[in-house]
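Per-entry structural report
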There are 2 protein chains.
Amino acid sequence: MTQLKKAMAGRITEEMERVAVREGLSAEDICQKVREGTVVIPANINHRGLEPCGIGEGLTTKINANIGTSSVYTSIEEELQKLRVAIEAGADTIMDLSTGPELDACRKRILEASKVPVGTVPIYQAAVEALDKYGSIVAMTAEDLFQVIEKQAQDGVDFMTVHCGVTLEVIERLKKRGRIADIVSRGGSFLTGWMLHHEKENPLYEQFDRLLSIAEKYDVTLSLGDGLRPGCLADATDSPQIQELIILGELVERAREAGVQVMVEGPGHVPLNQVEANVVLEKQLCRGAPFYVLGPVVTDVAPGYDHISAAIGGAIAAAAGADFLCYVTPAEHLGLPTIEDVREGVITARIAAHAADLVKGIKKAWEWDKEMAAARKNLDWTKQIELAIDPYKAKQYRQQRNPEDGDTCSMCNQFCAMKIVGEYLGKKAEKC
Amino acid sequence: MTQLKKAMAGRITEEMERVAVREGLSAEDICQKVREGTVVIPANINHRGLEPCGIGEGLTTKINANIGTSSVYTSIEEELQKLRVAIEAGADTIMDLSTGPELDACRKRILEASKVPVGTVPIYQAAVEALDKYGSIVAMTAEDLFQVIEKQAQDGVDFMTVHCGVTLEVIERLKKRGRIADIVSRGGSFLTGWMLHHEKENPLYEQFDRLLSIAEKYDVTLSLGDGLRPGCLADATDSPQIQELIILGELVERAREAGVQVMVEGPGHVPLNQVEANVVLEKQLCRGAPFYVLGPVVTDVAPGYDHISAAIGGAIAAAAGADFLCYVTPAEHLGLPTIEDVREGVITARIAAHAADLVKGIKKAWEWDKEMAAARKNLDWTKQIELAIDPYKAKQYRQQRNPEDGDTCSMCNQFCAMKIVGEYLGKKAEKC
C-alpha cells in the first residue's frame, strides 16, 4: 500500500512520523496532508536505507540535485561523488538523469548510496536503449517504455518524471501558437518526436492507468513532467504550456483516485513577474498538488550564472507556494556540471529555498536568521561561520581576507558600525 | 547651474542628450523626467571625461560597484584595478568608500580614471581624519564634515551619500522599538555616536541648506543615505527605518526646491515578501525620487553567497520600481572584496537588473533575450557565447566541458531536445 492509501485509511506510517519530526509538525498533520495530496513522501518500498522526506504545503521548501552520466562523461564513480557532495551540501533529493552506458548499474549504485529519495526520468533510458537497439529513438515501442518504468520502479526509484501531458492536442496548440524555442524538455522532445513520427497519441497518456498500477505497486511518486515548459522567456506562460498543465491537473485527480502520490513539474524560463502566476495556476489547476519547479531562470542571457538566475526565480516561486526546487548549476546550458558545480548549485538553491521559507513563516528558518543577526551584532565570528549556510566558504573568506586576531573585518576594521553603535547604545544582542 | 535647474528652465543639456541616446528615449523625455525629479543625472561640473548616466523611472536599472581601501588593505593601485574590472564588467557607477591612508589622493586618482559617475560617503573621510587628528571619531566637528564635503564636491564627485535623516527623533524611535542589529550603516553609526556623545542634532539635518548650497554649486547629486537600514531580516521595515524614510521624503522636496538632484537609499536586509512594500513606500514618501537599494539580501545566513542573496532581493526590488542597485560581493559580511569578487559582484547585480528590466518592459532587454533564445534553438554556440552577460565565463565552461567540434553540449549530446524537435517540427528560429 502506498503512503497515500495508508493515509486514506487513516494509518500513520513510520515515514510520516519521521517526516513530522523533521518538519516540527505532528504526525497527524502530515498524514492529513498526504491524504489531501498536498504533501507527498516519495518512498519506494524497495529503496532500503531511505530517510523519508516530505514535499509540499506547510513544509520547508525542498531542493533536488540532478546528477548522472552523459554519453560524453561516462564515469559512474564521478556521479557517485556528485551524489555525496550534493547530499553533504544539503540536497533533499537526487535525480539520476544518466544517459551514458550501463544505465542499470549506474542507477542501482546511486540507489544503494543514497539515503535521500532518488528520482529518474525513465524515458531517458528507453530512448538510449532504443538508439542502441533500433538505431533511432522514435523506434522505441510503448512496451519498451513501460518495461523500463517497471524495472526502475522495482529497483527502488522513489519518484519518476513522466511527461504524460504531452498530448496530440498540446502539440497542435504548440504548432498554432509558435514559439522561439519550441520544446526544451528532453523527455518532451523524445515523446513529441515519437508521436509525430508514428502519428499516435502519447503512450504515457493513453496508458496512464498502466503507469498508475506500476506506481501503486512500488509506491513510486509520479512527478508529472512539463514537456512543454518554456525554453526561453518569450515562450513563457503560453497556450501549449497551460494546455499541458490543464491536462496534468486532470491526471493528478486520476492518480489520487488510484492511491498514487503525485506532484507536478513547472517551468523553466519565466519572466520574474510571471512566476507567481505560474504557481497560482498550478495550485488551482492541479488541486494543490506539490509543485516542483525547474529554476525558473528569469533571463536567457546568463549562461555561466544560471544558478543565480534560477535562485531569483526559485525564491519567488517558493515564496508564492512552490514546494520543491530543482537546482540549476553554473554549467546549465553549457555542459554537464562538475563536482564543484554541483556543490555551488545545491548551496544556491538552498539559499532560494530558505529565503522562501522565511516568507512561508517556517519557525526554524526565522530562528536561524535571528541567531546569525545576534552573532553579527556580537562580533562573534566563530558563531557566524558555524551558522553560515556554507561554513566552509564563509571560513575561507574570513581567513583569507582578515588579520587573524581581529574582532571586526577588513572592510571596516576600526570603523565597524556594530562596534561604534555598541559603544553608544551600549548593548549586546540577546541570544535568540 | 545643475541639470535639474536647467531642466526646470526647459534647457536640454548635452548630458540629457547623451542619456537619451543611451536609453533609446528622446532628449525631451529625459529633460521632463529630470525636471520632475524622477530621473537624476549625477554629473559634477568638475568631473572631466564623464560619460553621463541617467538613473530613475523609465530607464534601464543601473548598478553601482563599491571599491576603496580600508585600514587593512591600503593599496590604491589595487582599488584602481577594481575600478577597471568593475567598469569592464558593466558597472554603471562606482563608489569610492576608502577609509585607508591618503584619501584625497585615492579619490582624485579614481575620479581621473573613471568615465562613469563616482560617488562617495564624505563622512568616512571626516571620521578617518577625526580619528587621526583628535584620536576619536566623535571629536569631529560639524565644520570638519562640511569642509570634507566641499573638498570632495570640488574634486568632482558626482553623487554623495549623506545620512541626513538620522535625527534625534529617529534615534529615540530606535531605542523605543529595539532591534537585534541596531545600526549597520557606517555613516549612520558615526553620526549616531556623534549625536549621542554631544547630545546634539545631526549637522547634516540641521544644516541641510548648507549641504544643498554646496551640492548646487558643483551639481552633486545627493543620495540620501539610510542610516537606519535594517542589518538583519528581523529588523526590516520597522519604525526607525520608516521614520527616517519619512524625513528623507521631506528633504527630497527641499532639495528639489533648491534645484539639487536627489535620490534616496534603501535597505539592506529585507524578507523577500517585504521588498515590494519598501519600494512602494519610498516612491510614495519621496515623491518618485530614484530609489537606490543596497541589495537587499533576503536572508542573513548566506555569507560567502551574499551576492546571490542580494540578486534575489535586488531583482524583486527593481522589478517593483527600484532604479539603482548597489552590488554586493561574495565577500560581504566577511571582508574587503578581492578583484575577482568585484567582478562576480558586478555581473551578479547586472543579472538582477536585467531580470527587472524585462519586467519594466525595456525593449532592448527583451531583444537581447530573444536573440539568445534563437541562438540556442539554432545551436549557434558562437552567438550564444557572444550574447552571454559574461562571455568570458560562458566560453570557459563551453570549452572545458565539451568536445571541440560538437553542435550540442556534453549534458545531452545526441539526446539534445533542440535537435530532436528541430527534426520533427522542422524549423529554425527566426532571427529576432
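Residues numbered from 1 in each chain as written. Chains lettered and ligands numbered in written order. Predicted model: local features only at pLDDT ≥ 70, side-chain atom pairs only at ≥ 80, totals over all residues. Heavy atoms only, no water.

This is how the line gets drawn: UniProt positions are given in the numbering used here, feature names are shortened, and annotations may be inferred rather than shown by experiment.
Going by what an unreviewed UniProt entry lists, chain A is known as Phosphomethylpyrimidine synthase and is assigned to Calderihabitans maritimus. UniProt lists a comment for chain A under the heading Catalytic activity (unreviewed entry), and it reads "5-amino-1-(5-phospho-beta-D-ribosyl)imidazole + S-adenosyl-L-methionine = 4-amino-2-methyl-5-(phosphooxymethyl)pyrimidine + CO + 5'-deoxyadenosine + formate + L-methionine + 3 H(+)".

A few points about the overall build of chain A
For the record, the criterion: Every helix listed is a DSSP run of H or I at least four residues long, and every strand listed is a run of E at least two residues long, numbered separately from the N terminus. The classification of residues rests on relative accessible area computed with a 1.4 Å probe and restricted to protein chains. Under 20% of the type maximum is buried, over 50% is exposed, and intermediate values are partly exposed. Each accessible area is a Shrake-Rupley estimate made with a 1.4 Å probe; only the visible protein chains count as cover when residues are assessed. In this tally, Asp and Glu contribute negative charge and Lys and Arg positive charge; neither His nor the terminal groups of the chain are included. A charge is said to be at NZ when it belongs to Lys, at CZ for Arg, at CG for Asp and at CD for Glu.
On a plain count of helices and strands, chain A comes out with 19 helices and ten strands. Viewed in the frame of its principal axes, chain A has a C-alpha envelope of about 75 × 50 × 40 Å. Buried residues in chain A amount to 66% of all 432 residues. Roughly 14,700 Å² of accessible area belongs to chain A as shown, and the carbon and sulfur atoms make up 47% of that amount. When the 48 positive and 63 negative side-chain charges of chain A are each reduced to one mean point, those points stand 4 Å apart.

Overview of the nonpolar core
Nonpolar side chains in soluble globular proteins generally cluster together in the buried interior. Spelled out, the test is: By nonpolar core is meant a set of buried Ala, Val, Leu, Ile, Met, Phe, Trp, Tyr and Cys residues that side-chain atoms within 4.5 Å join together. Between two residues, a contact is recorded if the distance between any of their heavy atoms is within 4.5 Å.
By size, the foremost hydrophobic cluster in this structure holds 263 residues, and its most contacted members are Leu222 and Leu224 of chain A together with Leu222 and Leu224 of chain B. Ranked by the residues each element gives to this core, the list is headed by helix H15 (residues 339-359) of chain B, at ten residues. The residues contacting Leu224 of chain A, other than those within four sequence positions of it, are Val162, Cys164, Phe208, Leu248, Leu251, Val252, Val262, Met263, Val264 and Glu265 of chain A.

A closer look at the interface of chain B and chain A
Note the threshold: Reported buried area values correspond to the accessible surface (1.4 Å probe) lost by two parts on association, with both partners' losses combined. Think of a salt bridge as a Lys or Arg side-chain nitrogen and an Asp or Glu carboxyl oxygen that are within 4 Å of each other.
Residue-level contacts link 110 residues of chain B with 110 residues of chain A. Summing the contributions of chain B and of chain A, the shared interface buries around 8,900 Å²; its carbon and sulfur component is 70%. Counting the surface chain B buries against chain A, the share from its top three residues, Tyr305, Arg401 and Phe415 of chain B, is 10%. Our count for the chain B to chain A interface comes out at two salt bridges.

So, the relation of the copies chain B and chain A
Put simply, the rule is: For the least-squares superposition of copies, only C-alpha atoms count, and only for residues with pLDDT at least 70 in both.
Here chain B sits on chain A after a turn of 180° about the axis and a move of 0.0 Å along it, with an RMSD of 0.0 Å. Given the turn and translation reported, the copies of this chain are related as if by a two-fold rotation axis. Identified as the residue of chain B closest to the rotation axis by C-alpha distance is Ile312 of chain B, at 2.3 Å. Interface overlap between copies is the fraction of interface residues in one copy that are interface residues in the other; for chain B against chain A it reaches 100%, indicating a shared surface.

A look at the UniProt feature "binding site: Zn(2+)" (unreviewed entry) in chain A
Under the convention used in this document: Each polar contact in these results corresponds to two N or O atoms within 3.5 Å; when the atoms are within protein, one needs to be able to donate a hydrogen and the other to accept it, and residues that are neighboring in sequence are counted only if both atoms are side-chain atoms.
When the UniProt feature table is mapped onto this chain numbering, "binding site: Zn(2+)" (unreviewed entry) sits at His269 and His333 of chain A. Across 65 residues of sequence, these annotated residues stay compact in space, with a maximum C-alpha separation of 12.0 Å. Classification of His269 of chain A by relative accessible area gives buried; the value is 7%. When neighbours within four sequence positions are excluded, His269 of chain A is seen to be in contact with Pro230, Gly231, Cys232, Leu233, Ala236, Val297, Asp300 and His333 of chain A together with Arg376 of chain B. A polar side-chain atom of His269 of chain A sits 2.7 Å from a polar atom in the side chain of Asp300 of chain A. The topology assignment puts His333 of chain A in the loop between strand E10 (324-326) and helix H15 (339-359). Filtering out sequence-adjacent residues up to four positions away, His333 of chain A remains in contact with His269 and Asp306 of chain A together with Arg376, Trp381 and Gln384 of chain B. Reaching out from His333 of chain A, the side chain makes a polar contact with the side chain of His269 of chain A at a distance of 3.2 Å.

Some points on the pattern of salt bridges
Taken as a whole and judged by the stated rule, the model has 52 salt bridges over all chains. The salt bridge involving Arg173 of chain B is made with Glu169 of chain B; its shortest N-O contact spans 3.7 Å. With a gap of four residues between them, Arg173 of chain B and Glu169 of chain B both fall in helix H8 (residues 168-177), about one helical turn apart. Shared partners join several salt bridges into a network, and the residues in it are Asp104, Arg107, Glu129, Lys151 and Asp155 of chain A.

Some words on unusual backbone geometry
Residue and element names in this part refer to chain A. A cis geometry characterises the amide bond from Pro267 onward to Gly268, with omega recorded as 10°. Along the chain, Gly268 falls in the loop between strand E8 (262-266) and helix H13 (275-285). Of note, the bond from Gly295 into Pro296 is cis; its omega dihedral lies within 30 degrees of zero at -10°. With respect to the secondary-structure elements, Pro296 resides in the loop between strand E9 (291-294) and helix H14 (306-319). For Asp219, which is not glycine, the phi dihedral falls at a positive 55°. Following the sequence through the fold, Asp219 ends up in the loop between helix H11 (208-218) and strand E7 (221-224).

Observations regarding the sheet that holds strand E3 (residues 62-67) of chain B
All names here are of chain B. Test applied: Whether two strands pair depends on DSSP finding at least two bridges between them. Axis lines are fitted through C-alpha atoms, for helices just across the contact stretch, and the angle between N-to-C directions can take any value from 0 to 180 degrees.
A barrel is described by the order of its strands in space; here eight strands give the closed sequence E3-E4-E5-E6-E7-E8-E9-E10, paired in parallel fashion. Along the sheet, successive strands turn relative to each other by an average axial angle of 25°, direction set aside. Pairing analysis gives three bridges linking E3 to strand E10 (residues 324-326), with the strands arranged parallel. Residue pairing for E10: Lys62 is matched across the bridge by Phe324. Strands strand E6 (159-162) and strand E7 (221-224) of the sheet are contacted by helix H11 (residues 208-218), whose axis makes an angle of about 140° with E7.

Considering the environment of Arg11 of chain B
Residue and element names in this part refer to chain B. Relative to the helices and strands, Arg11 resides in the loop between helix H1 (3-8) and helix H2 (14-23). Judged by its relative accessible area of 44%, Arg11 is partly exposed. Measuring from C-alpha to C-alpha, the distance between Arg11 and Lys360 comes to 28 Å, with 349 residues separating the pair along the chain. Beyond its immediate chain neighbours, meaning those up to four positions away, Arg11 contacts Met1, Lys6, Met16 and Cys31.

Side note on the domain arrangement of chain A
All names here are of chain A. For the record, the criterion: Where a domain begins and ends is set by an automatic assignment or by a domain database. Polar here means any residue outside two lists: the nonpolar Ala, Val, Leu, Ile, Met, Phe, Trp, Tyr, Cys and Pro, and the charged Asp, Glu, Lys and Arg; Gly therefore counts as polar.
Each assigned domain of chain A is listed here: domain 1 (42-361) and domain 2 (364-425). For domain 1 versus domain 2, the distance between C-alpha centres works out to 38 Å. In terms of surface lost to domain 2, no three residues of domain 1 exceed Arg343, His354 and Leu358, which account for 53% of the buried area on that side. At the junction of domain 1 and domain 2, the tally comes to two salt bridges. Between Glu344 and Lys393 there is a salt bridge; the shortest N-O distance is 3.3 Å. The interface formed by domain 1 and domain 2 holds four residue pairs in polar contact (both at pLDDT 80 or more) in total. Of the residues contributing to the side of domain 1 that touches domain 2, the split by class is three nonpolar, two polar and four charged.

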